[in-house]
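# What the coordinates show
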Amino acid sequence: MSVITVPEVKNYLRLDDYMDDDALLDLMIQNAEIYINSIVTIDETNIPMVAQAKLLLLILITDMYEHRQLLADNANEKVRYIVNSTLLQLQYSYGGDI
């Protein structure tokens, strides 16, 4: 089960009435969740963890969506820092191996 939905992502990105990217957003959600779950398993019964993971997913998906035409090494350094910090926090708070 997904922690976040396409409508939630569209609302966050302010794409409410734009339907053309739904498949792309769904793919981005899946990949962002795979990325996080490769480091720490999201326990959907742990409300604080889900809230933190949901915000991280929105950050990852926003970065993927806004930079979908750029090369990976052009990613925003501030976003990378936020992502790495949140992943480490999730890992150390809830377990997981790097």
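The structure presented is a predicted model; accordingly, all values stated were derived computationally and were not measured. (Residues numbered from 1 in each chain as written. Predicted model: local features only at pLDDT ≥ 70, side-chain atom pairs only at ≥ 80, totals over all residues. Heavy atoms only, no water.)

Should their charged atoms come close, side chains of opposite charge can pair. Counting across every chain of the model gives two salt bridges. For Asp-22, the salt bridge goes to Lys-10, with nearest N and O atoms at 3.0 Å. Of this pair, Asp-22 sits in helix α2 (residues 22–37) while Lys-10 sits in helix α1 (residues 6–13), and the two are 12 residues apart along the sequence. Overall, Lys-10 belongs to the buried group, its relative accessible area being 7%. (Salt bridge = Lys/Arg side-chain N within 4 Å of Asp/Glu carboxyl O. Helix = DSSP H or I, 4+ residues; strand = E, 2+ residues; numbered from the N terminus. Buried < 20%, exposed > 50% of the residue type's maximum accessible area, 1.4 Å probe, protein only.)

Before going further, it helps to examine the side chain of Glu-33. Tracing the backbone shows Glu-33 in helix α2. The side chain of Glu-33 is buried and forms no salt bridge, while Lys-54, the nearest opposite charge, is found at 8.9 Å. A distance of 2.7 Å separates the side chain of Glu-33 from the backbone nitrogen of Val-3, its partner in a polar contact. Beyond its immediate chain neighbours, meaning those up to four positions away, Glu-33 contacts Ser-2, Val-3, Ile-4 and Leu-57. (Lys, Arg positive; Asp, Glu negative; His and termini not counted. Polar contact = N/O pair within 3.5 Å; in protein donor to acceptor, adjacent residues only side chain to side chain. Contact = heavy atoms within 4.5 Å.)

It is worth spelling out helix α3 (residues 47–66) at this point. The end-to-end C-alpha distance of α3 is 28 Å, a good match for the 28 Å that 20 residues give at a rise of 1.5 Å each. Listed in full, the buried residues belonging to α3 are Met-49, Val-50, Ala-53, Leu-56, Leu-57, Leu-58, Ile-59, Leu-60, Ile-61, Thr-62, Asp-63 and Tyr-65. (Expected span 1.5 Å × (residues − 1).)

Moving on, we come to the nonpolar core. If you look at the biggest cluster of nonpolar residues, it comprises 28 residues, and the most contacted ones within it are Val-9, Leu-25, Ile-36 and Ile-61. If you list the elements that add at least two residues to this core, you get α1, α2, α3 and α4 (77–94). Top element by residues in this core is α3. It accounts for 10 residues. The contact partners of Leu-25, leaving out residues within four places of it in the chain, are Val-6, Val-9, Lys-10, Leu-13, Leu-15, Ile-61 and Tyr-65. (Core = buried A, V, L, I, M, F, W, Y, C linked by side-chain atoms within 4.5 Å.)

We now examine the confidence of the model for the protein chain. This prediction gives the protein chain a mean pLDDT of 83; 87% of its residues lie at or above 70. When mean pLDDT is compared element by element in the protein chain, α1 scores highest at 93, while α4 scores lowest at 77. (pLDDT = per-residue confidence, 0-100.)

Bringing the packing of α2 against α3 into the picture now. One can describe the packing of α2 onto α3 by two numbers: an axis separation of 9 Å at closest approach and a directional angle of 125 degrees. By the angle between their axes, α2 is oblique relative to α3. Both α2 and α3 take part in a crossing whose hand is right-handed. Contacts from Leu-24, Leu-25, Met-28, Ile-29, Ala-32, Glu-33, Tyr-35 and Ile-36 in α2 reach Ala-53, Leu-56, Leu-57, Leu-60, Ile-61, Met-64 and Tyr-65 in α3. Residue composition of the contact of α2 with α3, by class: 14 nonpolar, no polar and one charged. (Axes fitted to C-alpha atoms, helices over the stretch in contact; angles between N-to-C directions. Parallel < 35°, antiparallel > 145°, perpendicular 65-115°, else oblique. Left-handed = near helix turned anticlockwise from the far one by under 90°. Nonpolar A, V, L, I, M, F, W, Y, C, P; charged D, E, K, R; others polar.)

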